[in-house]
Amino acid sequence: MSLMNKIMADVTVQNSKIEGKGVFAGRNFRKGETVMKWDTSIVFIKRDALKVLLNKRKYLVVSNGMYLLAQYPEKYLNHSCMPNTLEKNHYDIALRNIRKGEELTTDYSLDAPPHIKMKCACKNSNCKRII
Ligand SMILES: [Zn+2]
């Protein structure tokens, strides 16, 4: 199996109950396992990141001090204030055991550019409301 096929088997993109499309586990993951590796092919310095087209800005993330334009499939990763993955060094790591078919989520407040704010409606008891 090629690497690309393996990556695509690990996660799928489907309609989400949170918002629009989401990324879903294509198999079971154990806590601490790598769920996705981020595509870091489109990197900006901060000044250029601020010029990114408005309709693409929601895909901007800051990771390790780098401004990235999130690519498929990670650009569809939805936010939750009680996420099941955490981005570390451009990898999404499972924060707990995740079952095949569960939607994958991350906490945008950890890696969203400081000038981008959005409302959250995840309904978790610890919801930050504005992220
Ligand atoms: Zn929330």
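Residues numbered from 1 in each chain as written. Predicted model: local features only at pLDDT ≥ 70, side-chain atom pairs only at ≥ 80, totals over all residues. Heavy atoms only, no water.

Enquirer: Pulling in residues and values, what's your account of the nonpolar core?
Expert: Inside soluble globular proteins, nonpolar side chains tend to come together where they are buried. Core analysis: the largest hydrophobic core is formed by 21 residues, its most contacted members being Val 11, Val 23, Phe 29, Val 35, Leu 77, Ile 98 and Leu 104. The set of elements that each furnish at least two residues to this core consists of β2 (21–25), β3 (34–37), β5 (60–63) and β6 (66–69). Sequence-distant contacts of Ile 98, that is, excluding residues within four places in its chain, are made with Ala 25, Arg 27, Asn 28, Phe 29, Asn 84, Thr 85 and Leu 104. (Core = buried A, V, L, I, M, F, W, Y, C linked by side-chain atoms within 4.5 Å. Buried < 20%, exposed > 50% of the residue type's maximum accessible area, 1.4 Å probe, protein only. Helix = DSSP H or I, 4+ residues; strand = E, 2+ residues; numbered from the N terminus. Contact = heavy atoms within 4.5 Å.)

Enquirer: Describe unusual backbone geometry, and please don't skip the residues or the numbers.
Expert: Between Tyr 72 and the following residue, Pro 73, the backbone shows a cis peptide bond with an omega angle of 0 degrees. Within the secondary structure layout, Pro 73 lies in the loop between β6 and β7 (78–79). A positive phi is found at Asn 89, a non-glycine position, where the angle reads about 50 degrees. With respect to the helices and strands, Asn 89 occurs in the loop between β8 (85–88) and β9 (91–94). A positive phi is found at Arg 129, a non-glycine position, where the angle reads about 70 degrees. Tracing the backbone through its elements, the reader meets Arg 129 in the segment after α3 (108–111). A residue is classified by how much of its surface remains accessible, and Arg 129, at 54% relative accessible area, is exposed.

Enquirer: Describe the pairing of β5, and please don't skip the residues or the numbers.
Expert: Burial along β5 is two-sided: Leu 60 and Val 62 facing one way and Val 61 and Ser 63 facing the other are all buried. With four bridges joining them, β5 and β6 adopt antiparallel strand pairing. What sits directly across from Val 62, in β6, is Tyr 67. Hairpin connection between β5 and β6: a loop of two residues separates the two successive antiparallel strands, and Asn 64 in this loop has a positive phi of roughly 55 degrees. (Pairing = 2+ DSSP bridges.)

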